[in-house]
Amino acid sequence: VTDRTSTDEILQPTPNRFSGRRLLQNFGLLAFLILNVIVVSILSPAFLKTENILNILTQAAPLGMVVVGQAFVLLLGGLDLSVASVMATAAVLATGFETTDNRMMPVIFGAAILLGVIVGLANGFLVAKRKVSPFLATLATTIVLQGIRFLYTQGSTGSTLPEGFTVIGQHRFLGLPINLLALAVLAIVFGYILHFSPFGRRIYLVGGSPRGAKLVGIRTDAVVIACYVICSAIAAVAGLFLVGYVGQVDQWTGKGYELDSIVAAVMGGIAISGGRGSILGALLGVLILIVMFNAVILLGLPVQVQMILKGVIVIAAAALYLSAGGRNA
Amino acid sequence: VSLVVVIALLVLLIVVGTTLSDRFATSRNFLNVFQQAAGLGIVSLGQTLVVLTGGIDLSVGAMISLVSNFTSGWIDGDPSLVIPVLIGVVAMAAAIGCLNGALTYYLKIHPLIVTLGMASILQGTTLLYSLAPAGKVPPEFQVLAYGRVLGLSVGGLAMIALFVLVGVFLRYTRTGSAIYAVGGDPRGARLLGISVPRTLIITYGLCSTFAALTGIYLVSRMGTGDPWRGEGFELASITPVVVGGTALAGGKGGVLGTLLGVFLISLLNNVLNFLDVSTFYQWIIQGLIIITAVAINIDRGRKA
């Protein structure tokens, strides 16, 4: 039987999580990002133009949102392959309302979040209760969702959407992209939950040592399920923002985001074996990825170089974090 | 136990298929299923080896695309180039696979990340070479997919031969037992004097090689390469492995299960085609099969 006070102590967010190596790591990432920006802007003066920067950020925002959710699952030592399928299904669901009325947007968002919660519950249940490996559980839900989505649309998606989607996806407010502001709000809320709440502390404990977490009386199953629900729900919202950015709905909206979100998170210092990393780091990972992608275009290199670069960087990043004394990435 | 379930499901499918359509239980239809199973079968065979070590290879899809496009692009209809190009692409694939294994071991990076990164590199390279299907292969090349020996498709027979070879390799060679040992208990394996890096390098090398063979088979079937030919195979190749009872955590399972898994999936798609069921339902059913298979086997390994 665990002593009550000591359990509470363990569950207290400890200040050292925002200092030491973590801070160094984030500074390292930031330094790397700045170095990137400097090199790219020397090579291509077009890069630092405000318009270009804002465009990059608008483009990166939906991926950033997915990464925030993916971080919760990765920190547990899990992973979620179903985020892309959730994004596309949320997008298709939105067209299902067949409305152009902006007042319906909250309803559409509500429905999408509900979808995300249901998928997250399924993923979490399979992983926590049935002990299915996260890879297979989320692969299975991906395929099932894909089938349901295509059955619903019979292969061709609708295109009726409120004008508001374009506004949240492409427009600016006070000079800043609206979807970037939404990402900022999301990141602050969920960053706070992860880094400053007892629940967040439990996530790190479960990810770092599932058995240890159980021993101190944490209901690990509940924590796992909650994280999968958060991840899917955020993915559904990101799907709607992506629809707004792209301007149209597609059966495959968000395709590739499942792997890109993992790549960005790993680049940002999250260990896929769980227990190590932060939201801030993961978002810096997104920025580094996007800056490099933009550099490839600005330097007039073939787009395919982006893919090669992405592959090299994710392996290099994972190796680097390990040599810096981290856990198995 | 799980193999019995898979066999029972196979029998059930055959019974259902037979009652559904006169054309189902014909040798012609079965030969078709057999022929179509070859592509998925060979790549899943390689995936089985990697999964047995407790790893995963997400680069097989990109490898198939790469091999598919380069084989047909380099041969470009010239029969005299067939043999050198085939040797070249298989050697290249084997080398890349060995690199996957080496990176996994020496850098201690999770194989998921290594092979995910590698997939991105390979797909990028393939698309740099050409964005559209490149080249073509001489008609003789299509013997692989459409040729018949004793009435059976050459590709299908090659798949069976490879499964038998790998089955023997796993059971009767030191490296074969090393693969199980590394997956089951890496530390114990080391104590037994097994070289973990050597085992991993060989395993990932074989996996990429088998992916390359699937790529070559698909070129033969289509008559041309395609820079996206392998898309989806990275995940599709895992389904038969898991359905066949090999645990993602490693150390348990084998190639017989995978072969049955491949036939189960191929036959299921065939039956659903007879039922005139859309691909959409096929996806749903495939997803449910994964969940069911895993729930039966209860894959307790919590590895990604």
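Not measured: the values here are computed from a predicted model.

## As for the overall build of chain B
Then step 1. The number of helices and strands found in chain B is 14 helices and 2 strands.
Then step 2. Its C-alpha atoms give chain B a radius of gyration of 19 Å, within 12% of the compact-globule value 19 Å for 304 residues.
Then step 3. Principal-axis analysis of the C-alpha atoms places the extent of chain B at approximately 60 × 50 × 35 Å.
Then step 4. Of all 304 residues assigned to chain B, the portion counted as buried reaches 58%.
Then step 5. Look at the contacts in chain B between residues 6 or more apart in sequence, and 80% of them connect residues 24 or more apart.
Then step 6. Of the roughly 12100 Å² that chain B leaves accessible, carbon and sulfur atoms contribute 68%.
Then step 7. Side chains of chain B give 16 positive and 11 negative charges; the mean places of these two sets differ by 14 Å.

## Things to note about the overall build of chain A
Then step 1. A tally of regular secondary structure across chain A gives 14 helices and 2 strands.
Then step 2. When contacts within chain A are restricted to residue pairs at least 6 apart in sequence, long-range pairs at least 24 apart make up 79% of them.

## Some points on the interface of chain B and chain A
Then step 1. With 45 residues of chain B at the interface, the matching set in chain A holds 42 residues.
Then step 2. Of the roughly 3800 Å² buried where chain B meets chain A, counting both sides, 79% is carbon and sulfur surface.
Then step 3. Taken together, the links from chain B to chain A amount to 1 salt bridge.
Then step 4. Linking chain B to chain A there are 3 residue pairs in polar contact (both at pLDDT 80 or more).
Then step 5. At the level of elements, helix H5 (111-129), helix H12 (238-243) and helix H14 (279-297) of chain B are the ones that each hand at least two residues to the side of chain B that touches chain A.
Then step 6. No other element matches H5 of chain B, which puts 13 residues into the side of chain B that touches chain A.
Then step 7. Here the side of chain B that touches chain A is composed, by residue class, of 29 nonpolar, 10 polar and 6 charged.

## A few points about the packing of helix H4 (residues 82-106) of chain B against H5 of chain B
Residues and elements named next belong to chain B.
Then step 1. Direction vectors running N to C along H4 and H5 enclose 145°, while the axes themselves pass 9 Å from each other. The handedness of the crossing between H4 and H5 is right-handed. Between H4, through Ile-96, Leu-99, Asn-100, Leu-103 and Thr-104, and H5, the contact on the second element is made entirely by Pro-111, Val-114, Thr-115, Met-118 and Leu-122.

## Here's the deal with the packing of aromatic side chains
All names here are of chain B.
Then step 1. Inspection of the entire model under this criterion finds 12 aromatic pairs over all chains.
Then step 2. With a centroid separation of 6.3 Å and an interplanar angle of 20°, the aromatic rings of Phe-34 and Phe-263 are classed as stacked. Placement of the pair is Phe-34 in helix H2 (residues 27-52) and Phe-263 in helix H13 (residues 255-274), with a sequence separation of 229 residues.
Then step 3. On the basis of relative accessible area, Phe-34 is assigned to the buried category, the value being 13%.
Then step 4. Here the aromatic rings of Trp-74 and Tyr-129 are separated by 6.5 Å at their centres, their planes lie at 70°, and the arrangement is edge-to-face. With Trp-74 in helix H3 (residues 60-75) and Tyr-129 in helix H5, this pair connects stretches of sequence that are 55 residues apart.
Then step 5. For Tyr-129, a relative accessible area of 31% gives the class partly exposed.

## Concerning H2 of chain B
Since the α-helix turns once every 3.6 residues, residues separated by three or four places project in the same direction.
Then step 1. Maximal helix bending in H2 of chain B amounts to about 40°, located at Ala-38 of chain B.
Then step 2. The buried fraction of H2 of chain B is high, at 21 of 26 residues.

## Focus on the nonpolar core
Then step 1. Within the largest apolar cluster, 125 residues are counted, with the highest numbers of intra-cluster contacts made by Phe-135, Leu-136 and Phe-165 of chain A.
Then step 2. By residue number, the principal contributor to this core is helix H11 (residues 220-246) of chain A, which donates 17 residues.
Then step 3. Here Phe-165 of chain A is in contact with Ala-94, Met-105, Ile-108, Phe-109, Leu-240 and Gly-244 of chain A, once residues within four sequence places are set aside.
Then step 4. Grouped together as the second largest cluster of nonpolar side chains are 58 residues, Leu-52, Ile-75, Val-82 and Val-137 of chain B included.

## Thoughts on the confidence of the model for chain B
Then step 1. Of all residues in chain B, 96% attain a pLDDT of 70 or more, and the chain-wide mean is 88.
Then step 2. Note on residues 299-304 of chain B: pLDDT is under 50 here. Beyond four places in sequence and across chains, it has 23 contacts.

## Overview of the packing of H2 of chain B against helix H7 (residues 154-172) of chain B
For any two helices packed against each other, the geometry comes down to the angle between their axes and how far apart the axes lie.
Residue and element names in this part refer to chain B.
Then step 1. Packing of H2 against H7 brings their axes to within 7 Å, and their N-to-C directions diverge by 20°. Relative to H7, the element H2 is oriented roughly parallel. By crossing handedness, the relation of H2 to H7 is classed as left-handed. Taken together, the residues of H7 that come into contact with H2 (itself represented by Phe-34, Ala-37, Ala-38, Gly-41, Ile-42, Leu-45, Leu-49 and Leu-52) are Gly-155, Gly-156, Leu-157, Met-159, Ile-160, Leu-162, Phe-163, Val-166 and Leu-170.
Then step 2. Among the residues making up the contact of H2 with H7, the classes are represented as 14 nonpolar, 3 polar and no charged.

## As for unusual backbone geometry
Then step 1. Not every positive phi belongs to a glycine, and Leu-174 of chain A is a case in point at roughly 55°.
Then step 2. Here Leu-174 of chain A shows up in the loop between strand S1 (172-173) and strand S2 (176-177).
Then step 3. Phi is positive for Asp-76 of chain B, which is not a glycine, with a value near 45°.
Then step 4. Mapped onto the secondary structure, Asp-76 of chain B falls in the loop between H3 and H4.
Then step 5. Given the relative accessible area of 44%, Asp-76 of chain B is considered partly exposed.

## With respect to the side chain of Gln-35 of chain B
Residue and element names in this part refer to chain B.
Then step 1. With respect to the helices and strands, the residue Gln-35 is situated in helix H2.
Then step 2. At 3.4 Å, the side chain of Gln-35 and the backbone oxygen of Ala-145 are in polar contact.
Then step 3. The residues contacting Gln-35, other than those within four sequence positions of it, are Ala-145, Tyr-146, Arg-148, Ser-153, Tyr-217 and Arg-221.

## Overview of the pattern of salt bridges
All names here are of chain A.
Then step 1. One pass over the structure, following the stated rule, counts 6 salt bridges over all chains.
Then step 2. Its salt-bridge partner being Asp-260, residue Lys-310 comes within 2.7 Å of it at the nearest N-O pair. Linking Lys-310 in helix H14 (residues 304-323) with Asp-260 in helix H12 (residues 257-267), this pair joins segments that are 50 residues apart in sequence.
Then step 3. Overall, Lys-310 belongs to the buried group, its relative accessible area being 15%.

## Considerations on the environment of Pro-133 of chain B
Residues and elements named next belong to chain B.
Then step 1. One can find Pro-133 in the loop between H5 and helix H6 (143-146).
Then step 2. Sequence-wise, Pro-133 and Ser-68 are 65 residues apart; in three dimensions their C-alpha atoms are separated by 9.0 Å.
Then step 3. In this structure Pro-133 touches Asn-69, Thr-224, Gly-225, Asp-226 and Pro-227, once residues within four positions along its chain are discounted.

The rules we used
- Residues numbered from 1 in each chain as written.
- Chains lettered and ligands numbered in written order.
- Predicted model: local features only at pLDDT ≥ 70, side-chain atom pairs only at ≥ 80, totals over all residues.
- Heavy atoms only, no water.
- Helix = DSSP H or I, 4+ residues; strand = E, 2+ residues; numbered from the N terminus.
- Rg over C-alpha atoms; globule rule 2.2 N^0.38 Å.
- Buried < 20%, exposed > 50% of the residue type's maximum accessible area, 1.4 Å probe, protein only.
- Contact = heavy atoms within 4.5 Å.
- Areas by Shrake-Rupley, 256 points an atom, 1.4 Å probe, with all protein chains shown as cover.
- Lys, Arg positive; Asp, Glu negative; His and termini not counted.
- Charge placed at Lys NZ, Arg CZ, Asp CG, Glu CD.
- Buried area = accessible area lost by both parts, 1.4 Å probe.
- Salt bridge = Lys/Arg side-chain N within 4 Å of Asp/Glu carboxyl O.
- Polar contact = N/O pair within 3.5 Å; in protein donor to acceptor, adjacent residues only side chain to side chain.
- Nonpolar A, V, L, I, M, F, W, Y, C, P; charged D, E, K, R; others polar.
- Axes fitted to C-alpha atoms, helices over the stretch in contact; angles between N-to-C directions.
- Left-handed = near helix turned anticlockwise from the far one by under 90°.
- Phe/Tyr/Trp six-rings, centres within 6.5 Å; stacked < 30°, edge-to-face > 60°.
- Bend = angle between axes of the 7 residues up to and from the residue.
- Core = buried A, V, L, I, M, F, W, Y, C linked by side-chain atoms within 4.5 Å.
- pLDDT = per-residue confidence, 0-100.
- Parallel < 35°, antiparallel > 145°, perpendicular 65-115°, else oblique.

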